[in-house]
Amino acid sequence: MELIDRYLGAIRWNLPRDKADDIIAELADVIATRIEEREDALDRPLSRAEISDVLREFGHPIAVAARYRPQQVLIGPELLPFYWFILRLMLFIVVLVQAIDVATTLVSTSEPLFRAAIHAGSDLFHAALYNAAIVTLLFALIEHTGLLGKYLDRWQPEKLPKIAVKPPRKRQMNPFFAIAFSIGFLLWWSGLIDIDPLRTAGSDYAMHGTAVWQGLHMPIFALVSTGLILHLVTLLRPQARLVRAALLIAIAAGTILIAATLHQAGSLIALTPLTANGAAHLGEAQSGIDEGLTAATLGVGILAAFRCVMELWLMQREQR
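Residues numbered from 1 in each chain as written. Predicted model: local features only at pLDDT ≥ 70, side-chain atom pairs only at ≥ 80, totals over all residues. Heavy atoms only, no water.

Chemist: Would you explain the overall build of the protein in this entry?
Modeler: Scanning the protein for helices and strands turns up 13 helices and 2 strands. Within the protein, the proportion of its 320 residues that are buried is 30%. Counting only contacts in the protein whose residues sit at least 6 apart along the sequence, the fraction spanning at least 24 positions is 76%. (Helix = DSSP H or I, 4+ residues; strand = E, 2+ residues; numbered from the N terminus. Buried < 20%, exposed > 50% of the residue type's maximum accessible area, 1.4 Å probe, protein only. Contact = heavy atoms within 4.5 Å.)

Chemist: What exactly am I supposed to notice about helix H10 (residues 217–236) here?
Modeler: The periodicity of an α-helix, 3.6 residues per turn, causes residues three or four places apart in sequence to face the same way. Here H10 spans 29 Å end to end across 20 residues, near enough to the 28 Å set by a 1.5 Å rise per residue. Taken residue by residue, H10 has Ile220, Leu223, Val224, Ser225, Gly227, Leu228, Leu230, His231, Val233 and Thr234 as its buried positions. As for H10, its buried residues are in contact with helix H8 (176–189), helix H9 (212–215) and helix H11 (241–265). (Expected span 1.5 Å × (residues − 1).)

Chemist: Could you clarify how one ought to interpret the side chain of Ser182 in this entry?
Modeler: Position of Ser182 relative to the elements: it lies in helix H8. For Ser182, the residues in contact, after removing those within four places along its chain, are Val224, Leu228 and His231.

Chemist: I keep staring at the nonpolar core and nothing clicks. Help me out?
Modeler: It is characteristic of soluble globular proteins that their nonpolar side chains tend to be buried jointly. Ranked by internal contacts, the top residues of the largest apolar core, which has 19 residues, are Tyr7, Ile11 and Ile31. Of all the secondary-structure elements, those providing two or more residues to this core are helix H1 (2–13), helix H2 (20–42), helix H3 (48–58) and helix H4 (61–66). Broken down by element, the residue count for this core peaks at 6 residues, all from H2. Contacts of Ile11, omitting those with residues within four sequence positions, involve Ile24, Leu27, Pro61, Val64 and Ala65. Counting 18 residues, the second-largest nonpolar core is a separate cluster that includes Leu186, Val212, Val224 and Leu247. (Core = buried A, V, L, I, M, F, W, Y, C linked by side-chain atoms within 4.5 Å.)

Chemist: Whenever I open this one, the packing of aromatic side chains confuses me. Can you help?
Modeler: Any two aromatic rings considered together are summarised by their centre-to-centre distance and by the angle between their planes. Taken as a whole and judged by the stated rule, the model has 6 aromatic pairs. Here Tyr83 and Phe139 contribute two aromatic rings whose centre-to-centre distance is 5.6 Å and whose plane-to-plane angle is 70 degrees, an arrangement assigned as edge-to-face. Of the two residues, Tyr83 sits in helix H5 (residues 80–108) while Phe139 sits in helix H6 (residues 113–145), which places them 56 residues apart along the sequence. Each member of the pair, Tyr83 as well as Phe139, carries the same accessibility label: buried. Ring-pair connections join several aromatic residues into one group, and the members of that group are Tyr83, Trp84 and Phe139. (Phe/Tyr/Trp six-rings, centres within 6.5 Å; stacked < 30°, edge-to-face > 60°.)

Chemist: In this structure, what is going on with the packing of H2 against H3? I would like to understand it.
Modeler: For any two helices packed against each other, the geometry comes down to the angle between their axes and how far apart the axes lie. At a minimum axis separation of 11 Å, H2 and H3 run at an interaxial angle of 130 degrees. Taken together, H2 and H3 sit at an angle that is classed as oblique. Handedness of the crossing formed by H2 with H3: right-handed. Seen from H2, the contacting residues are Leu27, Val30, Ile31, Arg34, Ile35, Arg38 and Leu42; seen from H3, they are Glu50, Ile51, Val54, Leu55, Glu57 and Phe58. Partitioned by chemical class, the residues of the contact of H2 with H3 number 9 nonpolar, no polar and 4 charged. (Axes fitted to C-alpha atoms, helices over the stretch in contact; angles between N-to-C directions. Parallel < 35°, antiparallel > 145°, perpendicular 65-115°, else oblique. Left-handed = near helix turned anticlockwise from the far one by under 90°. Nonpolar A, V, L, I, M, F, W, Y, C, P; charged D, E, K, R; others polar.)

Chemist: When you look at the environment of Arg48 in this model, what are you seeing that I'm missing?
Modeler: Following the sequence through the fold, Arg48 ends up in helix H3. Discounting residues that sit within four places of it in the chain, Arg48 has contacts with Glu2, Leu3 and Arg6.

Chemist: Whenever I open this one, the pattern of salt bridges confuses me. Can you help?
Modeler: Proximity of charged atoms lets side chains of opposite charge pair with each other. Within this structure, the stated rule accounts for 4 salt bridges. In this structure, Asp53 engages Arg56 in a salt bridge whose closest nitrogen and oxygen atoms are separated by 2.8 Å. Residue Asp53 and its partner Arg56 are both found in helix H3; the two are separated by 3 residues, about one turn of the helix. Here Asp53 falls in the partly exposed class, since its relative accessible area comes to 35%. (Salt bridge = Lys/Arg side-chain N within 4 Å of Asp/Glu carboxyl O.)

Chemist: Could you clarify how one ought to interpret the environment of Gln286 in this entry?
Modeler: Looking at the secondary structure, you find Gln286 in helix H13 (residues 282–318). Judged by relative accessible area, which is 17%, Gln286 ranks as buried. Apart from the residues lying within four places of it in its own chain, the contact partners of Gln286 are Ser267, Ile269, Ala270 and Leu271. Engagement of the side chain of Gln286 in a polar contact is seen with the backbone nitrogen of Leu271, the distance being 3.0 Å. (Polar contact = N/O pair within 3.5 Å; in protein donor to acceptor, adjacent residues only side chain to side chain.)

Now the structure itself:
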């Protein structure tokens, strides 16, 4: 029985001291009964290997001891709804702030986009993880100090806010205009519709895009196509939340990277003077356009990050 003694000793090591003797005595009787039943069925004593099989079926010593220890939870069921609400709110704020910071960094940085994206993503991950850990530790402290119980014991129905119970409102989304706009843009971007947005009558300058737009022709086409797919999914399959979330993230990431590329390019529209007055003020006019477009690309990156976070937040609320 040396094997059984070692097994029970391993269980005792993980038991509360004040209950260990009684629990070990109970387990010894159960194991002895199980071995006797197996020996009666075989009509012979069990070998060491067969006793080992019985103990293995009974369970690992740590698992067996855990059945006799008081169940402990980090955050109890009464506190859990408060915890989830605060955690989601905190993560939303952190992700929103960090996403805007990431967009600003990607658009304004001079280092390679891939390296900047890795650094920005790492900062976002660590900020979310750090704040989630702080919220979890705070609620664990509240749970183990019993502060929630003291608060719940003092609550009064008279102090509840007056909130009218209304049927849930479905989010109003009308993607028809967005679908039509996306199709029109793709036709124009592909050259099937001849519209020159830079053509101005009576101007001192002729405007045309710089070389940076040539390298972005397919990325922009793919980005707008992804947006078109998102609008179609929203219209036809609004319950496909995971697909919509993936498309939103892809659109936000693509928009930020394109905005970063445009920002780093410096000049997006080149001016050619058509009049003597235009030639005299060419430098001033070119500088003004470059500064305006630089600010616009920065704003587009920030808005893309903000819109992505807000849409994901609203999508999460739809699940309620």
